Amino acid sequence: MATRYLYIARHGDADAFGNLTDTGHEQARCLGRRLAHLPIDAVWHSPLSRAADSARQLNIFLSGNIPVDEARELIDHVPYVPDPEETPPSWVPFFDGYDADEAAAGYETAQSLTARFATPPEGDDDVHEVLITHAYPIAWLIRHALDSPPVRWLGLNSANAALTVIENRPDLPQSIVMFNDMSHLEHRLQWTGFPKTLRP
């Protein structure tokens, strides 16, 4: 039974202009070392520069010969704008100003994301793919794998260069092997992308 292995990560730490910081470059290289022993078939990244640069950094450790390409479905986007009655009160200001067209476009991108990547392989061989994206698409992929209501993407966050692994097999539910794993990052490189507070 062929399996599609998705190794999903948020891009490295970036500055206000969307460029990787020195920390972000280092995080991406650490992620590359973490994945170096795996038979990666392709690295896909968001069109945004912080994700593309992260993909190039980690690919140095994947022999440098792995195909690295853009996937528009991985773009940073709000995958689902909840109705007012299902929106947690603390999130109400975040969604203020989203019109119906913007909400529909985000949901369409989210549906394209799962249609492209959250499926078993078509052939008989296993497929190993790295996805370098953003916190919201990762949250949507996790929500989809759990078959949870659309609003449940809220509250899921990923640190920069943290690793999430999802396995897709024919005729079986998706399997979340790990989520937001930072064991490949030194302590000083962990938890960027989250609010600053005490962390384990």
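Rules and cut-offs
Residues numbered from 1 in each chain as written. Predicted model: local features only at pLDDT ≥ 70, side-chain atom pairs only at ≥ 80, totals over all residues. Heavy atoms only, no water. Patch = residues over 30% accessible without salt bridge, like charges linked within 9 Å, V, L, I, M, F, W, Y side chains within 5 Å. Areas by Shrake-Rupley, 256 points an atom, 1.4 Å probe, with all protein chains shown as cover. Salt bridge = Lys/Arg side-chain N within 4 Å of Asp/Glu carboxyl O. Lys, Arg positive; Asp, Glu negative; His and termini not counted. Charge placed at Lys NZ, Arg CZ, Asp CG, Glu CD. Helix = DSSP H or I, 4+ residues; strand = E, 2+ residues; numbered from the N terminus. Buried < 20%, exposed > 50% of the residue type's maximum accessible area, 1.4 Å probe, protein only. Phe/Tyr/Trp six-rings, centres within 6.5 Å; stacked < 30°, edge-to-face > 60°. Lys NZ or Arg CZ within 6 Å of the ring centre and 35° of its normal.

**A look at a negative patch on the surface**
Right, on to step 1. On the surface, a cluster of negative charge is made up of Asp-41, Asp-124, Asp-125 and Asp-126.
Right, on to step 2. Looking at the element boundaries, Asp-41 is found in the loop between helix H1 (22–35) and strand E2 (42–45).

**Describing the pattern of salt bridges**
Right, on to step 1. Under the defined criterion, the tally for this structure stands at eight salt bridges.
Right, on to step 2. Of the charged contacts, one joins Arg-188 and Glu-26 as a salt bridge, the two residues approaching to 2.4 Å between their closest N and O atoms. You can see Arg-188 sitting in the segment after strand E6 (175–181) and its partner Glu-26 sitting in helix H1, a full 162 residues away along the chain.
Right, on to step 3. Taking the relative accessible area as the measure of exposure, Arg-188 reaches 52% and is therefore exposed.
Right, on to step 4. Classification of Glu-26 as partly exposed rests on a relative accessible area of 24%.
Right, on to step 5. Ionic pairing is found between Arg-169 and Glu-167, a salt bridge with its closest N-O pair at 2.7 Å.
Right, on to step 6. What makes Glu-167 buried here is its relative accessible area of 14%.
Right, on to step 7. Here the salt bridges do not stand alone but share partners, grouping Glu-26, Glu-186 and Arg-188 into one network.

**As for the packing of aromatic side chains**
Right, on to step 1. Using the criterion set out here, one finds 12 aromatic pairs in the structure.
Right, on to step 2. Here the aromatic residues Trp-91, Phe-94, Phe-95, Tyr-98, Tyr-136 and Trp-153 are joined through ring pairs into a cluster of three or more.
Right, on to step 3. Over the ring of Trp-140 we find Arg-143, and its NZ or CZ is 4.1 Å from the ring centre.
Right, on to step 4. Between the NZ or CZ atom of Arg-199 and the centre of the ring of Trp-191, over which it lies, the distance is 4.9 Å.

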